[in-house]
Structure formats: structure tokens, C-alpha cells
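Notes for the structure review
Chain residues, written in single-letter form:
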Amino acid sequence: MEIYKASKKRLYVENHSIEHLFSAPVEAYMEVHEYQRDDWIIQEGTRPDFLYYVVEGKAKIYITHQNGKVSLINFINANEFIGEMELLHDVYYTKGIQASTKTICFALPMHYYRRQLMEDAKFLRELTRFLSVKATQMAMKYTQSLAFPLENRLADFILQTADNGIYKEKHVTVCDYLGVSYRHLLHVLTQFCEKQYLQKEGRKYHIKQYDALKCLSQALKNK
């Protein structure tokens with residue numbers, strides 16, 4: 001993880017200002033953090049010191065069950081918050097947040113901004129909107145498993161997790177997240193390769209036809 005300093009921080013903040021989300025300035029103590037793929041933004045069970053706002057990149061949310069199994073439960077994209085539940089609740093079991101691509105976040109120190117943010121009606125309205133969209137997306141994920149075949153859901157998953165055109169998620173993680181068998185997953189991946197949507201190289205897949213995958217993915221979004 002890299003923390004931007006001096007002119008690099010100033011330039012980034014100027015080019016990606018988030019002042020419109022707040023009633024009062026927040027840039028005085030705000031930091032800019034850069035994470036590489038597979039870096040942990042938040043370790044599971046550890047309360048974060050910052051409220052993050054993702055400016056660039058993507059991340060994944062994981063949870064460890066009582067039996068030790070680790071599950072991918074959701075994604076985080078640009079223009080979304082990380083750590084909002086810890087801001088709102090004094091007692092909350094923090095999920096693990098891992099960068100899936102190079103990810104750049106604005107980081108607001110909780111100890112300094114918590115009171116200000118909890119009294120900021122403009123920010124709270126924005127946070128309420130974000131949480132409502134997040135809840136709707138989670139509900140849609142479960143209904144999609146019944147309404148759409150694996151081809152559509154896997155295409156969407158590949159586009160969500162690919163980094164610079166390369167998809168390399170573990171099959172067991174994908175099976176768990178999409179609720180499918182290992183055999184079914186391999187069958188559809190083979191089909192995608194035969195149709196030249198993907199090209200397999202070792203344990204990685206190179207995306208060759210973004211438009212074809214996007215077309216399958218769009219069916220989930222009613223567009």
C-alpha cells in the first residue's frame with residue numbers, strides 16, 4: 001500500500017474532488033491510498049481507522065464462516081464507500097476487503113471526521129442512497145441465480161473481477177459465489193473458450209471478446 005504525499009496527493013485530490021458529497025471541507029486530513037491487486041484494504045475482524053471512498057479500481061468483500069470456509073460475498077467499485085458500517089456502528093464485525101485491481105481510495109480518518117460526518121445531513125443522504133443501492137444489488141444477486149443461466153452470471157462475474165483483460169479467479173471461489181457445481185463451471189468456461197470469448201493460458205484466461213461477455217452480462221441488468 002502506498003500513501004500519496006505532497007504534490008502527488010494534491011494533484012490527485014484536485015483532479016478527483018469529493019467535496020460535493022459533504023457540507024463542510026474534508027480534505028485537510030484526508031489521505032490518498034493506493035493498493036495493488038490482492039492487497040488487503042481491511043483485514044477481516046479488524047476495525048478500520050478510515051472511511052474510504054473508492055476513486056479508481058475494484059475490490060472484493062470476503063467473510064470467514066464458523067467452520068473456517070471463506071466466501072466471496074460482494075464487490076466494491078469506483079464511487080463507493082468502504083467502512084461505512086463501522087462508521088455507523090460502534091460494534092460491527094468487519095468483513096475482509098481485498099483489492100482485485102489497482103485501487104485508489106480517499107481515506108478519511110475516523111477519529112477526526114466521525115462526529116462531523118454523523119452530523120452532516122448532506123453526507124448522510126448520500127450514504128443512505130449508497131446503502132439502499134447496495135442492499136438492492138445484494139437482493140438481485142440471489143434472484144438472478146434462479147432467473148438466469150450460468151452463462152449470463154459468469155460473464156458478469158468475469159467482467160467484475162478481470163484485471164487488465166485477465167481473469168484468474170479460483171474456481172472454488174466462483175462456484176461458491178455463483179452457487180454452481182465445479183463441473184458446470186468448467187463446462188461453461190470451455191464453451192466461452194470455444195466461442196473465443198476467452199483464451200486460456202495456464203490458470204489464466206485472457207478476455208478476447210469484451211462485447212460478447214458484456215452482452216450476456218447486460219441481461220442481468222434489464223438493459
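Numbering of residues begins from 1 in every chain and follows the order in which that chain's sequence is written. With the structure being a predicted model, the display of local features is reserved for residues of pLDDT at least 70 and the display and counting of side-chain atom pairs for 80 or more, all residues being used for whole-chain, interface and lining totals. Values reported for side chains reflect all heavy atoms of the structure, with hydrogen atoms and water molecules removed beforehand.

1. Section: the sheet that holds strand 10 (residues 166–167)
For clarity, the threshold we go by: If DSSP finds at least two bridges between two strands, the strands pair. Starting at the N terminus, helices and strands are each numbered in turn, a helix being any DSSP run of H or I of at least four residues and a strand any DSSP run of E of at least two. Throughout, a residue-residue contact means that at least one pair of heavy atoms, one from each residue, lies within 4.5 Å. Convention adopted: a line fitted to C-alpha atoms gives each axis, helices being fitted over their contacting stretch, and angles between N-to-C directions are expressed from 0 to 180 degrees.
Read across the open sheet, the three strands follow the order 10-12-11; overall the sheet is antiparallel. Two strands close off the open sheet at either side, each with one partner strand: strand 10 and strand 11 (198–201). Relative to strand 12 (residues 204–207), strand 10 runs antiparallel, the two being bridged by two bridges. What sits directly across from isoleucine 166, in strand 12, is histidine 206. This element, helix 7 (residues 182–194), spans strand 10, strand 11 and strand 12 of the sheet and lies at about 110° to strand 11.

2. Focus on the sheet that holds strand 9 (residues 103–109)
Reading across from one edge, 1-2-9-4-7 is the order of the five strands in this open sheet, with antiparallel pairing throughout. Taken across any chain shown, the strands that pair with only one partner, and hence form the sheet edges, are strand 1 (2–3) and strand 7 (81–82). Two strands pair when backbone bridges link them, and strand 1 and strand 2 (residues 31–35) are joined in this way by two bridges, in the antiparallel orientation. Bridge pairing links glutamate 2 to glutamate 34 in strand 2. Across the sheet, helix 1 (residues 6–15) touches strand 1, strand 2, strand 4 (50–56) and strand 9, and the angle it forms with strand 2 is around 95°. This element, helix 3 (residues 110–118), spans strand 4 and strand 9 of the sheet and lies at about 75° to strand 9.

3. Points about helix 7
Keep this limit in mind: Take the number of residues in a helix, subtract one, and multiply by 1.5 Å to get its expected span. Per-residue accessibility, obtained with a 1.4 Å probe over protein chains only, is compared with the maximum for each type, and a residue is labelled buried under 20%, exposed over 50%, and partly exposed between these values. The reported arc concerns the directions from the helix axis to the C-beta atoms and nothing else.
In this model helix 7 runs 18 Å from its N-terminal to its C-terminal C-alpha over 13 residues, within 8% of the 18 Å that 1.5 Å per residue would give. When we look at burial in helix 7, the residues that qualify are Leu185, Val188, Leu189 and Phe192. Buried positions in helix 7, seen along its axis, are confined to an arc of 100° and lie on one side of it. Away from the buried face of helix 7 by more than 90 degrees, exposed residues Arg183 and Glu194 are located.

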